[in-house]
Amino acid sequence: MRRAHTVEQVRAAEADLMARLPEGALMQRAAAGLAYAVVDLLGSAYGRRVLLLVGSGDNGGDALYAGALLARRGVQVEAWLLSEHAHPGGLATLKQAGGRVTGRPGRPDLVVDGIVGIGGRPGLRPEAVAALRSLDGVPVVAVDTPSGVGVDTGELDGPHVTAAVTVTFGTHKIAHLVDPAARASGAVHLVDIGLDLPEAPVEALQPDDVAALLPRPRPDAQKYTRGVVGVRAGSAEYPGAGLLSVAGAASGLCGMVRYVGDDAVADRVREAHPEVVGAGRVQAWVVGSGGGKHAGDELAAALADGVPTVVDADALRHVRVPIAVPAVLTPHAGELAAMTGADRGDIEARPLHHARSAAAAYGAVVLLKGRHTLIAAPDGRVRVTTTGTPWLATAGAGDVLGGLIGSLLAAGLTPYDAASVGSWLHGAAATLASGGGPVTAGAVAASIPAAVRGLADG
Ligand SMILES: NC(=O)C1=CN([C@@H]2O[C@H](COP(=O)(O)OP(=O)(O)OC[C@H]3O[C@@H](n4cnc5c(N)ncnc54)[C@H](O)[C@@H]3O)[C@@H](O)[C@H]2O)[C@@H](O)CC1
Ligand SMILES: [K+]
């Protein structure tokens, strides 16, 4: 699991560890990891030029100590002090190692952003903005966090650094996983400094987590014990949504798929998926995609069954609190705006806030679609999906996702696990199907079994 902790949790863990270690030991660990990552990105050390942007706190201290390590390896290191105060020990060590303080740097090969880390407020001061502007185009390695981002919120409120690589310490911070700040973090490299941390409020599943959660058929399995999912999606106007929801549901992760809907759509579904059967008992429902004006009735019929339900697309407008069954709601930003009355732009700027508050308000798991899809539980926990490709932004992909999550619910996963495992597999299947090129929703569904095969045994 990739875990992201709050600043408060990191500070507490750091205080515990510092009390047991010699002074400065943690910063030395951080600086060593940072220097290593800088050389890795540069590809060599001797004769290369690195500029440190240094703020007033320990984030600048990390940059200065790393700069000293780099200078000892033959890198030409300059430090641009953006505050009247700079970490005294770090500054002295850099100078001893041959680093220079400058106000007019030459053009470096790489910039180290040590302006602010977890002590920073969102935004940057004018002098930092001007310094960054003068270095436009030079790759930036951010120390701990790209300066200026909302570390605990993942929000961007004002100017900020956009990093090629962020080297972080002890654990990920929320900004590394949650957009839009995750986009500004670039590739995130974690340096272990030995922190002992509590449960994380935000996490991202990794392949071994998905393998462990995945429902696998037992040796004595039969189709009914593996779970039956029912799909109420598609309509005469939007038959494709029914077909694609079924394609996601019929990827083999539960025992059987039932389709209930318009007769003409049902014929086409059975043509494409001969294994799909008609109405009967189910352990989970998927409702809403392409349901058009029938979506409200379909939702009511599904909820009357009392089984876990995925509510998607057209059905989302008809959800009323409290929802009588364990549910996964799967809106994109526009759909969430229509549900809650919030502004769509604000949802895109503050997806973590909006996903969490919608999950609490509806008492349901809310999967907010995006580049890094968020899955929020009513108790405040959040998982972030980091699999996928921009090619996945294609018509019908959401229908496949809803069906897939429904099959995992039917197989017995909790709504939170079904949504996060389904979202992870959906992204992984898209990456496989895309191979770096365009992809269709049907091809994503067809690649789900391959994505499952790619996991180690759980
Ligand atoms: N907490 C930990 O476990 C460790 C922290 N270390 C480093 O220490 C950093 C935290 O250091 P500090 O607590 O000194 O805080 P920072 O260095 O992040 O910030 C320093 C000060 O900058 C000022 N400031 C706030 N927002 C600003 C802004 N937008 N623009 C300009 N100045 C602003 C504030 O006065 C703040 O206290 C971490 O991010 C990390 O780099 C590491 O040395 C190792 C371990
Ligand atoms: K920084």
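Residues numbered from 1 in each chain as written. Chains lettered and ligands numbered in written order. Predicted model: local features only at pLDDT ≥ 70, side-chain atom pairs only at ≥ 80, totals over all residues. Heavy atoms only, no water.

1. Overview of the site of ligand 1
In the region of ligand 1, 21 residues are neighbours, and Asp58, Asp62, Gly117, Arg121 and Asp144 sit closest. Separating an oxygen atom of ligand 1 from a backbone N or O atom of Asp58 is a distance of 2.8 Å. In the environment of ligand 1, an oxygen atom lies 2.6 Å from a nitrogen or oxygen atom belonging to the backbone of Gly117. Contact with the protein chains removes 85% of the 870 Å² of surface that ligand 1 exposes when unbound. At the level of secondary structure, the elements contributing two or more residues to the shell around ligand 1 comprise helix 1 (7-18), helix 2 (25-42) and helix 3 (58-72). (Near = heavy atom within 4 Å. Polar contact = N/O pair within 3.5 Å; in protein donor to acceptor, adjacent residues only side chain to side chain. Areas by Shrake-Rupley, 256 points an atom, 1.4 Å probe, with all protein chains shown as cover. Helix = DSSP H or I, 4+ residues; strand = E, 2+ residues; numbered from the N terminus.)

2. Points about the nonpolar core
Within soluble globular proteins, side chains that are nonpolar tend to cluster in buried spots. Val231, Leu253, Tyr259, Val421 and Leu425 are the most contacted members of the largest nonpolar core, which totals 55 residues. Among the elements that line this core, the one with the most residues is helix 16 (residues 415-434), at nine residues. Apart from the residues lying within four places of it in its own chain, the contact partners of Val231 are Ser245, Val246, Ala249, Val257, Arg258, Tyr259, Val260, Trp285 and Val286. Counting residues in each nonpolar core, the second largest holds 44 residues, with Leu17, Val54, Val77 and Val167 among its members. (Core = buried A, V, L, I, M, F, W, Y, C linked by side-chain atoms within 4.5 Å. Buried < 20%, exposed > 50% of the residue type's maximum accessible area, 1.4 Å probe, protein only. Contact = heavy atoms within 4.5 Å.)

3. Describing the domain arrangement of the protein chain
Domain annotation of the protein chain identifies domain 1 (2-203) and domain 2 (207-453). Placing a centre on the C-alpha atoms of domain 1 and another on those of domain 2 gives a separation of 39 Å. Counting residues at the interface gives 14 residues for domain 1 and 15 residues for domain 2. Summing both sides of the interface, domain 1 and domain 2 together bury roughly 1,100 Å²; the carbon and sulfur share of this comes to 50%. The tally of links from domain 1 across to domain 2 stands at two salt bridges. Ionic pairing is found between Asp179 and Arg371, a salt bridge with its closest N-O pair at 2.9 Å. Counting across the interface, domain 1 meets domain 2 through six residue pairs in polar contact (both at pLDDT 80 or more). Breaking the side of domain 1 that touches domain 2 down by element, the ones donating at least two residues are helix 6 (174-177), helix 7 (181-185) and strand 10 (202-204). Considered class by class, the residues forming the side of domain 1 that touches domain 2 number seven nonpolar, one polar and six charged. (Domains from an automatic or database assignment. Buried area = accessible area lost by both parts, 1.4 Å probe. Salt bridge = Lys/Arg side-chain N within 4 Å of Asp/Glu carboxyl O. Nonpolar A, V, L, I, M, F, W, Y, C, P; charged D, E, K, R; others polar.)

4. Side note on the coordination of the potassium ion (ligand 2)
Surrounding the potassium ion (ligand 2) are the protein donor atoms Asn59 (OD1), Asp113 (O), Val116 (O), Val143 (O), Thr145 (O) and Ser147 (OG), at 2.6 to 3.0 Å. For the potassium ion (ligand 2), the six donor atoms in the first shell make angles of 63 to 166° at the metal, so the coordination geometry reads as irregular. In the primary sequence, the donor residues of the potassium ion (ligand 2) line up as N-x53-D-x2-V-x26-V-x1-T-x1-S. Here the residue Val116 occupies a position in the loop between strand 5 (110-114) and helix 5 (126-134), and Thr145 occupies one in the loop between strand 6 (140-143) and strand 7 (165-169), the gap between them amounting to 29 residues. (Donors = N, O, S within 2.8 Å, 3.2 Å for Na, K, Ca; no water. Tetrahedral: all angles 85-135°; square planar, octahedral: opposite > 155°, others 65-115°.)

5. Regarding the pattern of salt bridges
In the structure shown here, the tally under the stated rule is 14 salt bridges. The salt bridge partner of Lys293 is Glu237, with a shortest N-O separation of 4.0 Å. With Lys293 in the loop between strand 13 (284-287) and helix 11 (295-303) and Glu237 in the loop between strand 11 (228-232) and helix 9 (239-249), this residue pair connects regions lying 56 residues apart in the sequence. Ionic contacts of the salt-bridge type, sharing partners, join the residues Asp179, Arg183 and Arg371 into one network.

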